[in-house]
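# Observations on the model geometry
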Amino acid sequence: MKKTWLSGLLGACSALALGASLANVPDKEPVRFALLQDFTAVYTFLTNEYNQGQQDYLRLVNARGGLDGHPVEALVRDTANEPQRGIEAYNRARGEGAVLVDFLSTPVSRAAVNRVLEDEVVMITPLHGRGDASHGETFPFVFPMMATYWSQAAILADYIDTELGGLAGKRIALVHIDSPFGREPVPVLETLAERHGFELRAFAYPSPGTEQSATWSDVRRYRPDQVLIWGAGSGQQVSVREAIRNGIRPEHILSVVWLAEADAEHLGKHMTGVKRYEAVAPGRELPVIQAILDEVVAKGEGSGPEENVGSSYYNIGVATMAVAVEAARLALAEYGAPLTGDTLRRGFEQISNFDAEGLMPPLSFSATDHQGGGFGRVSRWDGGAWVPVTEWRSVYQDIVWDEIEKDAAGFRDGR
């Protein structure tokens, strides 16, 4: 496999002194990424750590000379999860030359889809947004970049089948927030239930998820063998607590990606044994995280509290920018400057087996697949850290792509 730019970045010093500020990057046209996110409303449980990881990674890139001398600028603004405010922030950023936008908000990114397709600006939607945007021919400028919720459900079901005694004849409960996000895994799980012969029952609780007691009373009466919890933020803590209160053991609880270290701090010993889908490796031992600590944070250039470095959500943010920078590098090498939304899109579609030195599973994109293969793994909270219990894997993509194709066709018909 070809040596990636990140491999070289981590293995050799650039011509510039390490830790150089943005002002010391050679005077070439900057590459601008717009990180227009919800810092004050709904996604506050993750945005600060996620965005901190994004900014710190870009500071590492600039400390090492940028992209062939092009500094990478982050335009960071709050949208408060409001579509209209998000569109206004997007218009402003586009006027400033942004070629990529990340809203980290399903309502805002959905509202912006038609706009970015018309403007030919790349929108990344890691772990949020439209799952059918994986269909690159329908959504050429949108990149989910990581496993959709359909793929996450498939990986968790496969873990039950291969590691927890099989699916056949079992009762599986899906306990979810009553929203499109919460209901999204249902069709994949229903198809798997038919294929493997298990019983699936979905139990919804009202948004925002602070009150779930009635729902879990129903789950207790159902007596499931395994429970999937599908929510986010404090609602996930409530789900774990209520599950255990209703007699479900932690080792029988499996979560969507939105369960992290902060949740474990609130739940204490109750979290030990709970499992989750994992898109990106957590921790500080990874080469790129070590580089950020040594060459950004240690020099006083970090963008937030040092204790966040290496957390699950911080590392996801790093991963998003590692992929985006790799796409920009490939685009500049192939098409030259200035970087445009169209050339950046083509750069994304050239990425092959990129894992940012073990930070994430190997991702590959193409003109047809903007999901990156649907990879992930399952990890377990051992009382102090998330420990992987599987290798990176991609499963049941035939079922996942049936859903992608169906929803993408609906989008095309509705335009």
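Our subject is the structure listed above.
Everything in this summary refers to the structure shown in the same document. Remember, predicted model here, so these are calculated numbers, not experimental data.

## So, the overall build of the chain
Scanning the chain from N- to C-terminus turns up 14 helices and 12 strands. The C-alpha atoms of the chain give 21 Å as radius of gyration, which agrees with the globular expectation for 415 residues (22 Å, within 12%). Each principal axis of the C-alpha atoms in the chain carries an extent, and together these give about 65 × 50 × 40 Å. By the burial criterion, 59% of the 415 residues in the chain qualify as buried. Expressed as a percentage of contacts within the chain between residues at least 6 apart in sequence, the contacts between residues at least 24 apart total 71%. Counting every atom, the chain has about 15800 Å² of accessible surface; 46% of that belongs to carbon and sulfur. When the 38 positive and 55 negative side-chain charges of the chain are each reduced to one mean point, those points stand 3 Å apart.

## A look at the sheet that holds strand β6 (residues 171-177)
Backbone-to-backbone hydrogen bonds pair the strands of a sheet. The strands run either parallel or antiparallel. Across the sheet, 7 strands lie side by side as β7-β6-β8-β9-β10-β11-β12; this open sheet has mixed pairing. For this open sheet the edge positions go to β7 (199-205) and β12 (386-388), each flanked by a neighbour on one side alone. Here the strands of the sheet are splayed against their neighbours by 30° on average, with no regard to which way each runs. In this structure, strand β8 (residues 226-230) lies alongside strand β9 (residues 253-255), joined through 3 bridges in parallel fashion. Bridge assignment links Ile 229 to a residue of β9, and that residue is Ser 255. Packing of helix α5 (residues 149-163) onto the sheet brings it into contact with β6, β8, β9, β10 (275-278) and β11 (377-381), and relative to β8 it is tilted by some 160°.

## Description of unusual backbone geometry
In this structure, Pro 208 follows Ser 207 across a cis peptide bond, with omega equal to 10°. Looking at the secondary structure, you find Pro 208 in the loop between β7 and α8 (213-222). One non-glycine residue, Ala 80, lies in the positive phi region at around 55°. Its place among the elements puts Ala 80 in the loop between β2 (72-78) and α3 (83-95).

## Considering the pairing of β8
Side-chain direction in a regular strand flips from residue to residue, so the side chains alternate between the two faces of the sheet. With 5 of its 5 residues buried, β8 lies for the most part within the structure. Of the two faces of β8, the one carrying Gln 226, Leu 228 and Trp 230 and the one carrying Val 227 and Ile 229 are both buried. With 5 bridges connecting them, β6 and β8 associate as parallel partners. Bridging from a neighbouring strand, Ala 173 pairs with Val 227 of β8.

## Section: the nonpolar core
Among the nonpolar cores identified, the biggest contains 136 residues, and Phe 33, Tyr 57, Leu 344 and Phe 348 are the most heavily contacted of them. Here this core gets 15 residues from one element, more than from any other, and that element is helix α12 (residues 312-335). When residues no more than four places from it in sequence are discounted, the contact partners of Phe 348 are Leu 100, Val 122, Ile 124, Phe 143, Met 145, Val 323, Ala 324, Ala 327 and Phe 365.

## Considerations on the packing of helix α7 (residues 186-196) against helix α14 (residues 397-414)
It is at 10 Å that the axes of α7 and α14 come closest, and there the two elements cross at 140°. The orientation of α7 relative to α14 falls into the category oblique. In this structure, α7 meets α14 at a crossing whose hand is right-handed. Side by side, α7 and α14 meet where Pro 187, Val 188, Thr 191, Leu 192 and Arg 195 of the first sit next to Asp 398, Ile 399 and Glu 403 of the second. Grouping the constituent residues of the contact of α7 with α14 by class yields 4 nonpolar, 1 polar and 3 charged.

## Things to note about the pairing of β11
Of all 5 residues that make up β11, 4 are buried, and the element is covered over most of its length. The pairing of β10 with β11 spans 4 bridges and is antiparallel. Paired with Tyr 277 across the strands is Val 378, a residue of β11. Direction of pairing for β11 relative to β12: antiparallel, over a ladder of 3 bridges. Note on β12: the bridge partner recorded for Ser 379 is Pro 388. Here β11 hands over to β12 after 4 residues, with Gly 383 in that stretch at a positive phi of 105°.

Calculation criteria
Residues take numbers from 1 onward in each chain, read along the sequence in its written order. With the structure being a predicted model, the display of local features is reserved for residues of pLDDT at least 70 and the display and counting of side-chain atom pairs for 80 or more, all residues being used for whole-chain, interface and lining totals. Note: side-chain values were computed over all heavy atoms of the structure, leaving out hydrogens and water. Numbering of helices and strands runs from the N terminus; a helix is a DSSP stretch of H or I covering at least four residues, while a strand is a stretch of E covering at least two. A radius of gyration in this sense is built from C-alpha atoms; the matching globule rule multiplies 2.2 Å by the number of residues raised to 0.38. Summary of the burial criterion: residues with accessible area below 20% of their type's maximum are buried, those above 50% are exposed, and those between are partly exposed, where the area comes from a 1.4 Å probe applied to protein chains only. Residue contacts are counted whenever heavy atoms from the two residues lie within 4.5 Å of one another. In this description, accessible areas are obtained by the Shrake-Rupley approach with a 1.4 Å probe, and a residue is regarded as covered only by the protein chains that are shown. Under this rule, positive means Lys or Arg and negative means Asp or Glu; His and the chain ends count for nothing. The location of each charge is read from NZ of Lys, CZ of Arg, CG of Asp or CD of Glu. When DSSP finds two or more bridges between a pair of strands, those strands are recorded as paired. Each axis is a line fitted through C-alpha atoms, and for a helix only the stretch in contact is used; angles between axes span 0 to 180 degrees, taken between their N-to-C directions. Here, nonpolar core refers to any group of buried Ala, Val, Leu, Ile, Met, Phe, Trp, Tyr and Cys residues whose side-chain atoms link them within 4.5 Å. Working definition: roughly parallel below 35 degrees, roughly antiparallel above 145 degrees, roughly perpendicular at 65 to 115 degrees, and oblique for all remaining angles. Should the near helix be turned counterclockwise from the far one by less than a right angle, the crossing is left-handed, whereas a clockwise turn marks it as right-handed. In this count, Pro and Cys sit with the nonpolar residues alongside Ala, Val, Leu, Ile, Met, Phe, Trp and Tyr, while Asp, Glu, Lys and Arg are called charged and the others, Gly among them, polar.

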